[in-house]
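Listed below, chain by chain, are the residues.
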Amino acid sequence: MKRLLLALALVAVVLSAATPALAKPVSFEAFEVTLHEESGRSILIVTGTLPEGTPLPADIVLTAPEGWQLQWAGEILGGDISDDISANPRKTSRGSEDAYAFTLTKSPVAQIEVMGPASTTFDGTTYRTQLNWAPPSDAPKVRMNVALPGDARIGAGTEGAEFVRVDATGGYYSKTYTDVKAKEPLELVATYSHSAAAPLAASGTSGSDGPAVAVVLVLALALFGLAFAAIRHKMRARAALVGDDTREPHTTRAVDVADVTEPSTTPPAAVEPDVLDDDTAEQVAPASPRRSNLPVAIVAGVIAVLVVVGFAAGSRSSATQKGGGVVSRTYSTAEACTQASIPLQPRQGVDLAQSAETLLKSLEAVPGISTAALTVAESRIDIGYCDSSASEAQLREALAATGLVTFD
């Protein structure tokens, strides 16, 4: 009899200890799911916001496509990005999705960032981007966002969705769903093409004006450096806001619109939010997070930059040279400090010979470029530039933003 009572007592202790681990995660009031593509890789950002007044700490679960690499997970405090609290989530894979479970301690906003392969389809004429996601719990509001290039011309898409350009480099195609049930499949599809770029104006500057133009351009770059830092900070702060449906999506971790081309089409499936088996769960250590009103002087500098750069742009060569299987362009008369040789992988249906001029034109947005030459047969582009003004990563991002190529 004593042995029986002792056994029952041990069972009670085990069950009481296991109860917290099996507790159902807290449901979110709203989700925001945003899909980007950066340098030929898809980045999915899933953000969940708890109902106002939810007591903390609170156990939560966010889901993402199975097998995608976790970049960051944690709590969004809403201020400086460096103040956000990183978490070590427990991952459980079920079906075609991974579930990440962790505890919110100071903020009602949870977020995960995962990275996967680029998967936008291209039929030779149009691109098709598709985002599928299902919430792990009931939610009054789910906002789906797909980041697209700034020159995207939507041909067809999900009914009720809208494309809002943030700036010349990109924007978001978005739709908000209301009163969504747990595991209810949601879909956002955009079929689009790139609008034809306006041709560059022919230069009317004579060769003797070259030195003067070079001096003007140097002064413009100096002013631009000052203005760029302030504008960049303001744009990041704006991107961190959780606003209404007319504002750009909530992407508190820093992912710039300029880094965006075509997002992923991987369709994730729903995951059980309240069952995270200790035997199958995996502790995930995320990678390190990627890390105002303008003064009157800076505003004046920005205006001066626009005027001066507009003048200087007229002196840049707009002629594309073709011959011997090489398509090249000269962007400035300045001598290049270094050279990058970047192998290109054309997307399905893309002809490098026909797309060469578009790729070369995309590099105009990167400062410090001297020359670029695309060797069609070798699928390679050689770029001469000044590494004090630009980096190879910026060159790759500008090329990827065309949606025509990816990289190995």
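Right above here is the structure, for reference.
A short tour of the structure in this document, coming up. (Residues numbered from 1 in each chain as written. Predicted model: local features only at pLDDT ≥ 70, side-chain atom pairs only at ≥ 80, totals over all residues. Heavy atoms only, no water.)

1. A word on the packing of aromatic side chains
Summed over all chains, the structure comprises 4 aromatic pairs. Measuring from ring centre to ring centre gives 4.2 Å for Phe122 and Tyr127, while their planes differ by 25°; the resulting arrangement is stacked. Across the pair, Tyr127 and Phe122 agree in class, each one buried. A network of ring pairs unites the aromatic residues Phe28, Phe31 and Trp133 as a single cluster. Note that Arg396 overlies the ring of Phe407, its terminal NZ or CZ placed 5.1 Å from the centroid. (Phe/Tyr/Trp six-rings, centres within 6.5 Å; stacked < 30°, edge-to-face > 60°. Buried < 20%, exposed > 50% of the residue type's maximum accessible area, 1.4 Å probe, protein only. Lys NZ or Arg CZ within 6 Å of the ring centre and 35° of its normal.)

2. Some details on the pattern of salt bridges
The tally for this structure, following the rule as stated, stands at 7 salt bridges. Glu357 is the partner of Arg329 in a salt bridge, and the nearest nitrogen-oxygen pair spans 3.8 Å. With Arg329 in strand S18 (residues 326–330) and Glu357 in helix H4 (residues 352–362), the pair connects residues that are 28 residues apart, well separated along the chain. For Arg329, a relative accessible area of 3% corresponds to the buried category. A relative accessible area of 40% places Glu357 in the partly exposed class. Residue Glu364 is joined to Arg329 by a salt bridge in which the shortest nitrogen-to-oxygen separation is 3.0 Å. In this pair, Glu364 is assigned in the loop between H4 and strand S21 (369–375) and Arg329 in strand S18, connecting sequence segments 35 residues apart. Each of Arg329, Glu357, Lys361 and Glu364 takes part in a single network of salt bridges with overlapping partners. (Salt bridge = Lys/Arg side-chain N within 4 Å of Asp/Glu carboxyl O. Helix = DSSP H or I, 4+ residues; strand = E, 2+ residues; numbered from the N terminus.)

3. Some words on the nonpolar core
The biggest cluster of nonpolar side chains holds 65 residues, and the ones touching the most others in it are Leu344 and Leu363. The leading source of residues in this core is strand S11 (residues 139–149), at 5 residues. (Core = buried A, V, L, I, M, F, W, Y, C linked by side-chain atoms within 4.5 Å.)

4. As for the environment of Arg329
Residues Arg329 and Thr371, spaced 42 residues apart in sequence, show a C-alpha to C-alpha distance of 5.8 Å. A polar contact of 3.0 Å, which involves the side chain of Arg329, links it to the side chain of Glu364. (Polar contact = N/O pair within 3.5 Å; in protein donor to acceptor, adjacent residues only side chain to side chain.)

5. Details of the environment of Leu374
Position of Leu374 relative to the elements: it lies in strand S21. Judged by relative accessible area, Leu374 falls into the buried class, the value being 0%. Taking C-alpha positions, Leu374 is 8.8 Å from Leu359, a pair spaced 15 residues apart along the chain. When sequence neighbours within four positions are dropped, the list of residues in contact with Leu374 reads Gly325, Val326, Val327, Leu344, Ala356, Leu359, Arg380 and Ile381. (Contact = heavy atoms within 4.5 Å.)

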